[in-house]
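# Residue-level structure breakdown
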Amino acid sequence: SFLGEDFSTALAHGHSYTANPVACAAALASLDLHRSTDSSGQVRRIHAAMTEGIGRIASLPGVLRPRILGGIAAFDLGGQTGYTAPVGRILSLRAQEKGLLIRPLGNVVYLMPPYCTTDEQIERTFRILEEILLDLQEC
């Protein structure tokens, strides 16, 4: 039922439901790392750094519903909505030009950095996003 003529009818998470053996092995290894390191402390540190960053961009024009939970930050971009909204792709391409890799889903931008990400890297991420978002408002 999820096959169709365009992306709007696709189940975009098919890879999540296939019990891929490599993905399962990676998940088990990830759980071992979680148990043997201070991953909870890392999440708290990342949360604090991203709270500061998302606070900086929250009031920019076009930034809607800024939110953060643990080590995940997200916000919506105004204008067109949905997975096919072009604004996410534009933001992604401009970020890539500046050395930042993000993967928005349509107009929703989410950030989920690995636990090894430094506070300086998170600050740089939000500085780049702020610069691009301000530039997009001028267009």
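What you see is a predicted model, and the numbers here were worked out from it, not measured in a lab.

Should the charged atoms of two oppositely charged side chains come close, the side chains can pair. Tallied over the full model, the rule gives 9 salt bridges. For E123, the salt bridge goes to R56, with nearest N and O atoms at 3.7 Å. One end of the pair, E123, is in helix α4 (residues 119–138); the other, R56, is in helix α2 (residues 39–57), with 67 residues separating them in the sequence. Relative accessible area serves as the criterion here: at 28%, R56 is assigned to the partly exposed category. The partner of R67 in a salt bridge is D76, with the nearest N and O atoms 3.0 Å apart. Its relative accessible area of 29% is what places R67 among the partly exposed residues.

So, about the pairing of strand β3 (residues 108–111). On β3, burial follows the alternation: V109 and L111 on one face are buried, whereas V108 and Y110 on the facing-out side are not. Of the strand pairs in this sheet, strand β2 (residues 72–77) and β3 are connected by 4 bridges, and their pairing is antiparallel. Bridged to A74 within β3 is Y110.

Moving on, we come to the confidence of the model for the chain. Taken over all residues, the pLDDT of the chain has a mean of 88, while the share at 70 or more is 89%. Looking across the chain, the model is least confident in helix α1 (residues 21–36), with a mean pLDDT of 90, and most confident in strand β1 (residues 63–69), with 96.

Conventions used here
Residues numbered from 1 in each chain as written. Predicted model: local features only at pLDDT ≥ 70, side-chain atom pairs only at ≥ 80, totals over all residues. Heavy atoms only, no water. Salt bridge = Lys/Arg side-chain N within 4 Å of Asp/Glu carboxyl O. Helix = DSSP H or I, 4+ residues; strand = E, 2+ residues; numbered from the N terminus. Buried < 20%, exposed > 50% of the residue type's maximum accessible area, 1.4 Å probe, protein only. Pairing = 2+ DSSP bridges. pLDDT = per-residue confidence, 0-100.

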